[in-house]
Amino acid sequence: MKNALFFLLAGLPFINAQYGNSNDNSMTTTVSSTTSSTAVSASSTVHKIDVGEDGFTFSPNTLTVSPGEKVEFHFYPQNHSVIQASFDNPCHPINDSSFSSGFVPTTKESTSVFTITINDTSPLWYYCGQIGHCQAGMVGVINPP
Ligand SMILES: [Cu+2]
């Protein structure tokens, strides 16, 4: 009986060591997946465009953005919008699927932020839909040709 107990106790550290090794392996897996998710967030850079902060302007009004990255439009007084256009017809929606923020009336920098994700490197032209603003030059482009 004594011998059997000794055998049992002597075996326990070995069992623990086995579990310890198995934990080490899962730690390694966790570390490598953390590394790859860091790589993903590095490629999801966020660009910021100020809308109407300095008059009838998008700032910056030209931006080069890689596929997968995001662009945030931040709105300033008084009432602007962002709508996708075409180069040939810069003050009109390009089609029914144009992105559009809608009007964002505000008396200070708005908490409403319009975010788009860029899928490719083709040029995206956009303008402000407020009456007269596009005609006053309130236009911009992402990934100019
Ligand atoms: Cu405007």
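Just so you know, these numbers come straight off a predicted model, no measurement behind them.

(A) The pairing of strand β8 (residues 113-117), seen in detail. Of the two faces of β8, only the one carrying Phe114 and Ile116 is buried; Val113, Thr115 and Thr117 on the other face are not. The sheet contact formed by strand β4 (residues 70-75) and β8 spans five bridges and is antiparallel. Within β8, the position partnered with His74 by the bridge is Val113.

(B) Representation of the pairing of strand β1 (residues 46-51). For β1 and β4, the ladder comprises six bridges, and the chain directions are parallel. Along β4, the bridge assignment pairs His47 with Val71. Summarising the sheet, β1 and strand β2 (residues 58-59) pair through two bridges and their orientation is antiparallel. Its bridge partner lying in β2, Val51 is registered against Phe58. Counted between consecutive antiparallel strands, the loop separating β1 from β2 contains six residues, among which Gly52 sits at a positive phi close to 75°.

(C) Inspection of the sheet that holds strand β10 (residues 139-142) at higher detail. Reading across the sheet, the four strands line up as β3-β10-β9-β6 and stay open at both edges, with mixed pairing between neighbours. Lying at the two open borders of the sheet, with one neighbouring strand each, are β3 (62-63) and β6 (83-85). One ladder, built from three bridges, connects β6 with strand β9 (residues 124-127); its direction is antiparallel. Each bridged residue has a counterpart across the sheet, and for Gln84 the counterpart in β9 is Tyr126.

(D) Local environment of the coordination of the copper ion. Coordination of the copper ion by the protein is provided by His80 (ND1), Cys128 (SG), His133 (ND1) and Met138 (SD), with metal-donor distances spanning 2.0 to 2.6 Å. Taken together, the four donor atoms coordinating the copper ion span angles of 96 to 125° at the metal, a pattern that classifies the geometry as tetrahedral. Along the chain, the residues that donate to the copper ion are spaced as H-x47-C-x4-H-x4-M. Grouping residues by exposure puts Cys128 and His133 together as buried.

Quick notes on the rules
Residues numbered from 1 in each chain as written. Predicted model: local features only at pLDDT ≥ 70, side-chain atom pairs only at ≥ 80, totals over all residues. Heavy atoms only, no water. Buried < 20%, exposed > 50% of the residue type's maximum accessible area, 1.4 Å probe, protein only. Helix = DSSP H or I, 4+ residues; strand = E, 2+ residues; numbered from the N terminus. Pairing = 2+ DSSP bridges. Donors = N, O, S within 2.8 Å, 3.2 Å for Na, K, Ca; no water. Tetrahedral: all angles 85-135°; square planar, octahedral: opposite > 155°, others 65-115°.

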